[in-house]
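# Chain and residue survey
Next come the chains, spelled out residue by residue.
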Amino acid sequence: AKSSWKQGERIHFLDPNGNGMYSEISTLVKNEKMYFTHIGNIKDFEEQPLDEDTKVWTGAQENYEIIKVGNLSKVVVTLDIVDEHANYFLDCFPKGLATIKEIAEK
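Residues numbered from 1 in each chain as written. Predicted model: local features only at pLDDT ≥ 70, side-chain atom pairs only at ≥ 80, totals over all residues. Heavy atoms only, no water.

### Points about unusual backbone geometry
In this structure, Asn31 is a non-glycine residue whose phi angle is positive, near 65°. With respect to the helices and strands, the residue Asn31 is situated in the loop between strand 3 (20–29) and strand 4 (33–43). Here the phi dihedral of Phe45 falls at roughly 70°; this positive angle occurs in a residue that is not glycine. Checked against the element boundaries, Phe45 lands in the loop between strand 4 and strand 5 (46–47). (Helix = DSSP H or I, 4+ residues; strand = E, 2+ residues; numbered from the N terminus.)

The following block contains the structure:
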């Protein structure tokens, strides 16, 4: 991810070849929550104009919240995505959340 990490700013989620998507950090409360509103695709490090395929999912949300439960913290992820992206998130998110858990417990 490439970003200034400020609310209202864009964030680029990129693969090593500069392809991915761009979003806006719509909510940011440090150490509490971060919400992304997805906008469009990136190709060769450049934001692409919205096309018919992109318009199907633009505006989708990806939200992260940290909820304190006693002396523990729980990460809650809420996704608003189109069905065609569900398998990607079902595959990748458990891996990513496991990494977050590992880092947090060290």
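Continuing now.
### Overview of the pattern of salt bridges
Tallying each qualifying case throughout the model produces 5 salt bridges. Glu47 is the partner of Arg10 in a salt bridge, and the nearest nitrogen-oxygen pair spans 2.5 Å. Residue Arg10 is found in strand 2 (residues 10–14), and its partner Glu47 is found in strand 5; the two are separated by 37 residues along the sequence. Residue classification places Glu47 among the partly exposed positions, given a relative accessible area of 32%. (Salt bridge = Lys/Arg side-chain N within 4 Å of Asp/Glu carboxyl O. Buried < 20%, exposed > 50% of the residue type's maximum accessible area, 1.4 Å probe, protein only.)

### A word on the packing of aromatic side chains
As enumerated under the stated definition, the model contains 5 aromatic pairs in all. Plain terms: the ring middles of Phe13 and Phe36 are 5.3 Å apart, the flat faces sit at 80° to each other, and that makes the pair edge-to-face. Separated by 23 residues along the polypeptide, Phe13 in strand 2 and Phe36 in strand 4 bring together distant segments of the chain. Residue Phe13 is classed as partly exposed on the basis of its relative accessible area, which comes to 24%. Residue Phe36 is classed as buried on the basis of its relative accessible area, which comes to 4%. With a centroid separation of 6.3 Å and 20° between ring planes, the pair formed by Tyr64 and Phe93 is classed as stacked. With Tyr64 in strand 6 (residues 61–69) and Phe93 in helix 2 (residues 86–105), this pair connects stretches of sequence that are 29 residues apart. Taken together through their ring pairs, the aromatic side chains of Phe13, Phe36, Tyr64, Tyr88, Phe89 and Phe93 make up a single cluster. (Phe/Tyr/Trp six-rings, centres within 6.5 Å; stacked < 30°, edge-to-face > 60°.)

### So, the environment of Met21
Turning to its location among the elements, Met21 is positioned in strand 3. Residues Met21 and His38, spaced 17 residues apart in sequence, show a C-alpha to C-alpha distance of 7.5 Å. Apart from the residues within four sequence positions on either side, Met21 is in contact with Ile11, His12, Phe13, His38, Gly40, Asn41, Ile42 and Trp57. (Contact = heavy atoms within 4.5 Å.)

### Concerning the pairing of strand 7 (residues 72–80)
One ladder, built from 9 bridges, connects strand 6 with strand 7; its direction is antiparallel. Directly across from Ile67, in strand 7, lies its bridge partner Lys74. In sequence, strand 6 turns back onto strand 7 through a hairpin of 2 residues, with Gly70 there showing a positive phi of about 65°. (Pairing = 2+ DSSP bridges.)

### Digging into the side chain of Glu62
For Glu62, the location among the structural elements is in strand 6. The buried charged residue Glu62 lacks any salt bridge, with Arg10 as its nearest oppositely charged partner at 14 Å. In this structure the side chain of Glu62 is engaged in a polar contact, spanning 2.5 Å, whose partner is the side chain of Tyr64. Once residues lying within four places of it in the same chain are set aside, the contact partners of Glu62 are Met34, Tyr35, Phe36, His38, Thr78, Leu79, Phe89 and Phe93. (Lys, Arg positive; Asp, Glu negative; His and termini not counted. Polar contact = N/O pair within 3.5 Å; in protein donor to acceptor, adjacent residues only side chain to side chain.)

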